[in-house]
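# Observations on chain architecture
This is what each chain is made of:
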Amino acid sequence: GAVVSQHPSRVICKSGTSVKIECRSLDFQATTMFWYRQFPKQSLMLMATSNEGSKATYEQGVEKDKFLINHASLTLSTLTVTSAHPEDSSFYICSALTGAIPDYGYTFGSGTRLTVV
Amino acid sequence: KNEVEQSPQNLTAQEGEFITINCSYSVGISALHWLQQHPGGGIVSLFMLSSGKKKHGRLIATINIQEKHSSLHITASHPRDSAVYICAVRRGTSGSRLTFGEGTQLTVNP
């Protein structure tokens, strides 16, 4: 089945630095990738939707200059948290859209736990 | 009121028990998904439903479109079933984003 590889699984960075998270579709082409953020004991919050070759669509309240999303190829989407601060510490997870209307499926990465110190 | 509501929020069971998790939604949907989130955070898609019932191993998922309700059942529960189970719906006919429930934390004790 479809597999999305997400790296790194854990990262600790200093405040003010940038962190890049990668999601790769291993055996299929991911034209659409969703990026989510999850705080402890809460559900997934959609940050942005990226489509290969075009600019990402950000959800209201998500700073596009802080959370840079690049989806330059059909197998790789990246999320860069720029000038990270402790409040950016969270669990970030990607999900690739598979299939086609009306039978969309969703394959999730394994997530990245970001800690900003 | 959330568009997707799950119950219960937390559920503790003894190994072998039959478990039911419920999901109600208030919007028109094209599909409903049940997801399993492991303690490490990874998420696995269990079922996609647009009508009726699906079964995979000890897991059964049902949906009633008229009542806007879905249930996830686990038969002969096992400690390895301990996880957060999330109901998510895809709205409309052309959009692809999901709307998530808050999740149900299931703990199965040996």
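Our subject in this report is the structure included herewith. These numbers were taken from a predicted model, which means no experiment stands behind them. (Residues numbered from 1 in each chain as written. Chains lettered and ligands numbered in written order. Predicted model: local features only at pLDDT ≥ 70, side-chain atom pairs only at ≥ 80, totals over all residues. Heavy atoms only, no water.)

## Overview of the overall build of chain A
Broken down by element type, chain A carries zero helices and 11 strands. Each helix and strand of chain A, placed in order from N terminus to C terminus, yields the pattern β-β-β-β-β-β-β-β-β-β-β. In terms of overall dimensions, chain A has a C-alpha envelope of 40 × 25 × 25 Å along the principal axes. Within chain A, the fraction of its 117 residues that count as buried is 50%. By sequence separation, contacts in chain A at least 24 residues apart represent 52% of the contacts at least 6 residues apart. Of the roughly 5,800 Å² that chain A leaves accessible, carbon and sulfur atoms contribute 52%. (Helix = DSSP H or I, 4+ residues; strand = E, 2+ residues; numbered from the N terminus. Buried < 20%, exposed > 50% of the residue type's maximum accessible area, 1.4 Å probe, protein only. Contact = heavy atoms within 4.5 Å. Areas by Shrake-Rupley, 256 points an atom, 1.4 Å probe, with all protein chains shown as cover.)

## Focus on the sheet that holds strand β3 (residues 19-25) of chain A
Residue and element names in this part refer to chain A. What the four strands build is an open sheet, ordered β1-β3-β8-β7; its pairing is antiparallel. At either margin of the open sheet sits one strand with a lone partner, and together these are β1 (4-7) and β7 (67-73). Between one strand axis and the next, the sheet turns through 15 degrees on average, direction left out of account. As paired strands, β3 and strand β8 (residues 76-81) are joined by six bridges and run antiparallel to one another. Counted as the bridge partner of V19 is V81 from β8. (Pairing = 2+ DSSP bridges. Axes fitted to C-alpha atoms, helices over the stretch in contact; angles between N-to-C directions.)

## Structural notes on the state of the cysteines
Counted according to the given criterion, the structure contains two disulfides over all chains. For C23 of chain A, the disulfide goes to C94 of chain A, at an S-S distance of 1.8 Å. Measuring the twist about the S-S bond at about -100 degrees, one finds the C23 of chain A-C94 of chain A disulfide to be left-handed. Of this pair, C23 of chain A sits in strand β3 while C94 of chain A is found in strand β9 (residues 90-98), placing the two residues 71 residues apart along the sequence. In terms of burial, C23 of chain A and C94 of chain A fall into one category: buried. The disulfide partner of C23 of chain B is C87 of chain B, and the gap between their sulfur atoms is 1.9 Å. Between C23 of chain B and C87 of chain B, the S-S torsion sits near -65 degrees, and that sign places the bridge as left-handed. Pair noted here: C23 of chain B is in strand β3 (residues 19-25) and C87 of chain B is in strand β9 (residues 83-91), with a separation of 64 residues, a long-range link. There is no split in this pair, since C23 of chain B and C87 of chain B are both buried. (Disulfide = S-S within 2.5 Å.)

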